[in-house]
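Tertiary structure, described
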Number of protein chains: 2
Amino acid sequence: MERNIKLTVAYDGAAYHGFQRQLNALAIQQVLEERMAKIFGHPLKIAGAARTDTGVHAYGQVVNFFTTGSIPTDKIPQAAKGVLPDDIVVTGAEDVSPTFHARLAAKSKIYSYRLYSSALPDPFLRRYAWHLTQNPDTAAMDAAAQLIVGEHDFSAFRAVSRGVQVGPVRTMFAATCRQQGRMVECDFWGSGFLYHMVRNLVGTLVDVGFGRLSVADFAVILAGRDRRMAGITAPPQGLYLKEVFY
Amino acid sequence: MERNIKLTVAYDGAAYHGFQRQLNALAIQQVLEERMAKIFGHPLKIAGAARTDTGVHAYGQVVNFFTTGSIPTDKIPQAAKGVLPDDIVVTGAEDVSPTFHARLAAKSKIYSYRLYSSALPDPFLRRYAWHLTQNPDTAAMDAAAQLIVGEHDFSAFRAVSRGVQVGPVRTMFAATCRQQGRMVECDFWGSGFLYHMVRNLVGTLVDVGFGRLSVADFAVILAGRDRRMAGITAPPQGLYLKEVFY
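Residues numbered from 1 in each chain as written. Chains lettered and ligands numbered in written order. Predicted model: local features only at pLDDT ≥ 70, side-chain atom pairs only at ≥ 80, totals over all residues.

Description of the overall build of chain A
Heads up, the rule is: Segments assigned H or I by DSSP are reported as helices when at least four residues long, segments assigned E as strands when at least two residues long, and all are numbered from the N terminus. In this scheme the burial state of a residue depends on its C-beta neighbours within 10 Å: 20 or more other such atoms mean buried, 12 or fewer mean exposed, and anything in between means partly exposed; the C-beta positions come from the backbone. Note on contacts: each residue gets a C-beta atom placed from the backbone, and two residues are in contact if those atoms are within 7 Å.
Along its length, chain A carries five helices and ten strands. Along the three orthogonal principal directions, the C-alpha set of chain A runs to about 60 × 40 × 30 Å. When the 246 residues of chain A are sorted by exposure, 40% land in the buried category. Pairs at least 24 residues apart make up 71% of the contacts formed inside chain A by residues separated by at least 6 positions.

Structure, rendered in structure tokens:
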């Protein structure tokens with residue numbers, strides 16, 4: 001009998017060219033499809049809830065696939081451990097209805113972005129946070145982040161010239177920036193995210209944190225819907241897909 | 001005028017064959033000597049406080065070298081950032097007396113060992129902790145660790161057949177194992193450490209944590225001075241040279 005299996009996957013994206021399968025570069029989707037096929041005894045076609053870019057990480061990527069394999073669902077995480085490289089870990093598995101699709105059924109997602117502020121870099125964080133040489137005003141960043149909560153046209157924070165275009169309106173349920181010691185974490189819980197949206201938001205929030213933009217400037221940029229007015233695209237290594245909700 | 005410069009160095013050891021320069025494999029000492037030479041304008045001969053093995057990390061390795069270079073000492077960390085790979089960071093620099101030698105002058109060192117206990121591994125910790133699939137009894141590990149405090153013959157925890165032999169007696173000022181969530185950290189502050197001593201201690205402490213040895217067994221092993229009685233050598237990726245005292 002064919003089953004539809006939903007997996008939760010954590011990965012360190014440093015060694016991969018993103019989640020989505022590519023022709024000439026190794027992606028996490030390809031590794032999952034090829035390695036996990038050994039467990040199920042037939043080729044797999046795996047759908048992911050979200051693309052993540054090169055160098056972007058995940059605690060809670062969600063994928064699904066159909067299988068006629070006989071392995072009990074609760075044995076899948078341990079079996080996956082035996083076939084996957086140690087930078088990709090299956091943390092959960094469950095049987096879902098045949099209509100479930102990891103991307104199409106997703107209702108919302110949480111992304112986190114980590115910043116590390118210190119005059120000198122930390123060698124252990126070089127792949128896991130954006131290093132800032134000075135301490136940003138996290139309260140100002142948090143105040144600016146509040147402005148994106150609700151339904152907005154996020155054109156100001158969408159990557160330009162990205163193939164297929166979809167509408168720019170998304171709903172943000174929560175957005176916060178919090179500091180703990182030298183680490184700043186910005187969390188974004190939204191109905192969906194445009195291409196590079198979190199990284200573009202963070203690049204602009206950091207401008208607020210360093211006083212190059214005021215919170216009012218940030219509001220004007222959001223309302224202006226012009227990507228050229230916003231800040232840089234924050235580097236990928238600070239970004240984590242944390243959780244997908246259905 | 002020739003100056004003797006002391007540096008504090010943090011590094012992620014995952015990509016290196018230890019600290020000490022080798023003929024056919026890349027070591028941290030070699031990278032420091034070759035890259036830092038660019039700042040000082042002449043070849044450098046760098047002495048390190050401690051050898052660390054392949055895959056072992058450091059927050060506070062200490063090195064020294066003599067130079068006729070003119071760069072102000074307080075500019076060295078930023079200049080080093082420009083020439084070193086991003087997994088090696090110079091976190092401090094100071095002028096010291098011509099008689100200072102990073103290894104010979106060291107009075108004591110702190111090593112830390114990190115364990116991560118969870119049924120499944122964490123992809124972000126694979127290079128930075130020893131993954132245990134079950135939760136050890138940290139209180140028992142801590143009680144056993146207390147037994148090594150003071151002056152002891154540590155032959156039971158010394159690697160066998162290691163070239164030049166030195167005496168096996170060392171003084172441990174403190175040894176603790178503490179748990180925070182799924183992480184266990186064992187810290188060892190001692191006058192000196194034999195080859196593989198921390199990793200052999202941790203391998204044996206984990207036997208205590210899983211009930212394969214009692215705390216009393218651990219005391220017998222320490223007193224027995226026979227390496228064959230102790231536990232396995234814990235893997236390198238959990239070990240950190242934390243601080244060197246002079």
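So, the relation of the copies chain A and chain B
Heads up, the condition is: The superposition of copies rests on a least-squares fit of C-alpha positions from residues with pLDDT of 70 or more in both.
Of the transformation placing chain A onto chain B, the axial shift is 0.0 Å and the rotation is 180°, giving an RMSD of 0.0 Å. Those values place the two copies in the arrangement expected of a two-fold rotation axis. The C-alpha atom lying nearest the rotation axis in chain A is that of A:Phe124; the distance is 5.3 Å. The share of interface residues of chain A whose copies in chain B are also at the interface is 100%, consistent with both copies meeting through the same surface.

Focus: the interface of chain A and chain B
Formally: By the convention adopted, Pro, Cys, Tyr, Trp, Phe, Met, Ile, Leu, Val and Ala count as nonpolar, Lys, Arg, Asp and Glu as charged, and the other residues, Gly among them, as polar.
Counting from both sides, the interface comprises 16 residues of chain A and, opposite them, 16 residues of chain B. For the side of chain A that touches chain B, the leading source of residues is strand S4 (residues 88-96) of chain A, giving three residues. When grouped by side-chain class, the residues that make up the side of chain A that touches chain B number ten nonpolar, one polar and five charged.

A word on unusual backbone geometry
All names here are of chain A. Here Arg225, not a glycine, exhibits a phi torsion of approximately 55°, which is positive. Relative to the elements of secondary structure, Arg225 occurs in the loop between helix H5 (215-224) and strand S10 (239-245). Judged by the 16 C-beta atoms lying within 10 Å of it, Arg225 falls in the partly exposed class.

Considerations on H5(A)
Residues and elements named next belong to chain A. We apply this condition: By definition, the arc is the one covered by directions from the helix axis to the C-beta atoms.
Those residues of H5 not exposed but buried are Phe218, Ile221 and Leu222. Summarising the axial view, the buried residues of H5 lie within an arc of 100°, below the 170-degree limit, and thus occupy one face. For H5, the exposed residues lying more than 90 degrees away from the buried face are Ala216 and Val220. Next to the buried residues of H5 lie helix H3 (138-146), strand S7 (150-153) and helix H4 (197-209). Directly after H5, the chain includes Arg225, whose backbone phi takes a positive value near 55°.

Concerning the domain arrangement of chain A
Often, the extent of an interface is quoted as the loss of accessible area upon association of its parts. Residue and element names in this part refer to chain A. So the rule is basically this: Those domain boundaries reflect an automatic or database domain assignment.
The domain architecture assigned to chain A consists of domain 1 (3-96) and domain 2 (108-245). Each of domain 1 and domain 2 was reduced to a C-alpha centroid, and the two centroids are 27 Å apart. Each partner contributes residues to the interface: domain 1 has 14 residues there, and domain 2 has ten residues. Among the residues making up the side of domain 1 that touches domain 2, the classes are represented as seven nonpolar, six polar and one charged.

Overview of the packing of helix H3 (residues 138-146) of chain B against helix H4 (residues 197-209) of chain B
All names here are of chain B. We apply this condition: The axes are straight lines fitted to the C-alpha atoms, using for helices just the contacting stretch, and the angles between their N-to-C directions are given from 0 to 180°. Roughly parallel means an angle under 35 degrees; roughly antiparallel means over 145; roughly perpendicular covers 65 to 115; every other angle is labelled oblique. Note: crossing handedness is left-handed where the near helix turns anticlockwise from the far helix by less than a right angle, and right-handed where it turns clockwise.
Two elements in contact, H3 and H4, have axes whose closest approach is 8 Å; the angle formed by their N-to-C orientations is 135°. Put simply, H3 runs oblique to H4. In this structure, H3 crosses over H4, and the sense of that crossing is right-handed. Of H4, the residues touching H3 (which contributes Thr138, Ala140, Met141, Ala144 and Ala145) are Leu205, Val208 and Gly209. Looking at the contact of H3 with H4 residue by residue, the classes come out as six nonpolar, two polar and no charged.

Some details on the nonpolar core
Residues and elements named next belong to chain A. Quick note on the threshold: By definition, a nonpolar core groups buried Ala, Val, Leu, Ile, Met, Phe, Trp, Tyr and Cys residues that are joined through C-beta atoms within 7 Å.
In this structure, Val198 and Leu205 are the most contacted members of the largest nonpolar core, which totals 67 residues. In terms of residue count, the dominant contributor to this core is H4 (seven residues). Split by domain, the residues of this core number at least three in each of domain 1 (3-96) and domain 2 (108-245). Sequence-distant contacts of Val198, defined by excluding residues within four places in its chain, comprise Tyr111, Tyr113, Phe188, Phe193 and Leu239.

Quick word on the packing of helix H1 (residues 28-40) of chain A against helix H2 (residues 76-83) of chain A
Axis angle and axis distance: for two packed helices, these are the angle between their axes and the distance between the axes, and together they describe the pair. Residue and element names in this part refer to chain A. At their nearest, the axes of H1 and H2 sit 9 Å apart, and the two run at 125° to each other. By the criterion of interaxial angle, the relationship of H1 to H2 is oblique. Our pair here, H1 against H2, has a crossing hand that is right-handed. Taking contact as the criterion, the partners of Arg35, Met36, Lys38 and Ile39 in H1 are, on H2, Ala79, Ala80 and Val83. Of the residues assigned to the contact of H1 with H2, the class counts are five nonpolar, no polar and two charged.

Focus on H4(A)
Residues and elements named next belong to chain A. Here is the rule: Take the residue count of a helix, subtract one, and multiply by 1.5 Å to get its expected span.
End to end, H4 covers 18 Å across 13 residues, agreeing with the expected 18 Å (1.5 Å per residue, within 8%). Taken across its 13 residues, H4 has twelve buried, putting it largely inside the fold. By the burial criterion, the buried members of H4 are Met197, Val198, Arg199, Asn200, Leu201, Val202, Thr204, Leu205, Val206, Asp207, Val208 and Gly209. Gly211 sits one or two residues past H4 and shows a positive phi near 75°.

Details of the pairing of strand S9 (residues 183-190) of chain A
All names here are of chain A. Stated formally: Between any two strands, at least two bridges found by DSSP are needed for them to pair.
The alternating pattern of S9 places Val184, Cys186, Phe188 and Gly190 on a buried face and Met183, Glu185, Asp187 and Trp189 on a face that is not buried. Relative to S9, strand S5 (residues 108-117) is paired through eight bridges, and the arrangement is antiparallel. For Tyr113, the partnering residue across the bridge sits in S9 and is Cys186. Sheet topology places strand S8 (residues 169-180) next to S9; eight bridges connect them, and they run antiparallel. In the strand pairing of S9, Met172 is matched with Gly190. Linkage of S8 to S9, two consecutive antiparallel strands, is achieved through a turn of two residues, within which Gly181 is found at a positive phi near 60°.

Here we look at the pairing of strand S8 (residues 169-180) of chain B
The sheet contact formed by strand S7 (residues 150-153) of chain B and S8(B) spans four bridges and is antiparallel. When the sheet's bridge partners are listed, B:Glu151 is paired in S8(B) with B:Thr171.

Side note on the environment of A:Ala219
Residue and element names in this part refer to chain A. Its place among the elements puts Ala219 in helix H5. Classification of Ala219 as partly exposed rests on a count of 13 C-beta atoms within 10 Å. Placed 107 residues apart in sequence, Ala219 and Ser112 show a C-alpha to C-alpha distance of 21 Å.

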